[in-house]
Amino acid sequence: MIKVSSQFDAGNIETISTENVRDIQLKIRKDRHSDFFQWFYFRVQNVAGQAVRMRILNAGDAAYVGGWDGYHVVASYDRKEWFRVSTTRYDQGELIIDHTPEQQSIYYAYFAPYSYEQHLDLLAAASQSDRCEILDIGTTLEGRDLNVLRIGDPTTAKYNLWVTARQHPGETMAEWFVEGMLARLLDLEDALAGQLLDDCVFWVVPNMNPDGSVLGHLRTNAAGVNLNREWQTPSLERSPEVFSVIEQIMPGEKAANMNPGGGGFGNPFERDIDRVVQDARNGLVSEKGAKMDYGVVFSDFKNLQVDAAATQALRAKHA
Ligand SMILES: [Zn+2]
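Reading the values: the criteria
- Residues numbered from 1 in each chain as written.
- Predicted model: local features only at pLDDT ≥ 70, side-chain atom pairs only at ≥ 80, totals over all residues.
- Domains from an automatic or database assignment.
- Helix = DSSP H or I, 4+ residues; strand = E, 2+ residues; numbered from the N terminus.
- Buried ≥ 20, exposed ≤ 12 C-beta atoms within 10 Å, placed from the backbone.
- Contact = placed C-beta atoms within 7 Å.
- Pairing = 2+ DSSP bridges.
- Axes fitted to C-alpha atoms, helices over the stretch in contact; angles between N-to-C directions.

Caption draft 1: Fine view of the domain arrangement of the protein chain. One can read the domain layout of the protein chain as domain 1 (3-109), domain 2 (116-248) and domain 3 (268-318). The gap between the C-alpha centroids of domain 2 and domain 3 is 33 Å.

Here is the structure:
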């Protein structure tokens, strides 16, 4: 008997039907008190060797339907190694996953999850470094701790750099990024990190939205509030996460906001050239960045003209 479940940290799915292994029908649950949804994370049992077809029926109403284009679900047997299921497709409002699991129990998710336990482990590990101070800055609506990691010496540094991740809790890759960044910043042998810390103090919030993360939300906190839209007027009642961070920024401090592009996966040198052009048009990729990061060469960047031959040659060199 096939079983689908999601009653665990960050779990999210509604089971409509599991009667037919070739037509398991599922729906993604909305973020609480909100209409946003797209994050999902569920376990399927008793399926070893069976050609399972799962349909997520409400994918077409998700927050960012464009995200399904070319998207492949991630899966794991041991919840450590996550792999893509390339036989995922978006078709007429449904996300359809065809997969033959090798084991009885398997997990599927929107992106590789980053659990609350992992989050606490990350804080605990960082706190063992002499470079890092963990500050208790507040509490979420559901009583979880809000912490910021201060790395570097605030008495000598010229610049304060803030890095906040996962205001939108479904964007788990942001916390994976923070994990990698911390590994470098706290590595005493890393020359670049040492140089940066001569001039800068890093203020790092690995997870801006622990409640939403545990609840399996895509975009909002426990009250259904989109934290991305709260920075002008945060409040302890609606958005203590943002409120607590802003309180740490000193009055009169100048702030600049810089966001990296967040799209795509896989080898950047195989990225669809039109997509790189689109990012360039939207100001997300510079001429230099397009060449260096994606192997796309422009003959006329202002008019977004790609030099096809040069692009092909550069990409071939990297292949
Ligand atoms: Zn976001």
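Caption draft 2: Here's a closer look at the environment of A10. Among the structural elements, A10 can be located in the loop between β1 (3-5) and β2 (14-17). On the basis of neighbour counts, which here come to 23 C-beta atoms within 10 Å, the residue A10 falls in the buried class. In this view, A10 contacts Y41, P113, S115, S213, V214 and G216; residues no more than four positions away in its chain are not counted.

Caption draft 3: Focus on the sheet that holds strand β13 (residues 159-164). The strand order across the open sheet built from four strands is β11-β12-β14-β13, with neighbouring strands paired in mixed fashion. Bordering the open sheet on either side are β11 (132-139) and β13, each of which pairs with just one other strand. If you compare each strand with its neighbour and ignore which way they point, the axes differ by 20 degrees on average. Bridge count between β11 and strand β12 (residues 145-151): seven bridges; the pairing is antiparallel. Paired with E133 across the strands is R150, a residue of β12. Each of β11, β12, β13 and β14 (200-205) is contacted by helix α5 (residues 240-248), which is oriented at about 130 degrees to β11, the strand it contacts most.

Caption draft 4: Quick look at the sheet that holds strand β6 (residues 74-76). Pairing within the open sheet is antiparallel, and its five strands lie in the order β1-β4-β10-β6-β7. The open sheet has two free edges, formed respectively by β1 and β7 (83-84), since each of these has just one partner strand. The pairing of β1 with strand β4 (residues 41-45) spans three bridges and is classified as antiparallel. Within the sheet, the bridge partner assigned to S5 lies in β4 and is R43.

Caption draft 5: Region of interest: α5. Buried within α5 are the following residues: P240, E241, V242, S244 and V245. Tucked inside the fold, the buried residues of α5 contact β11, β12, β13 and β14.

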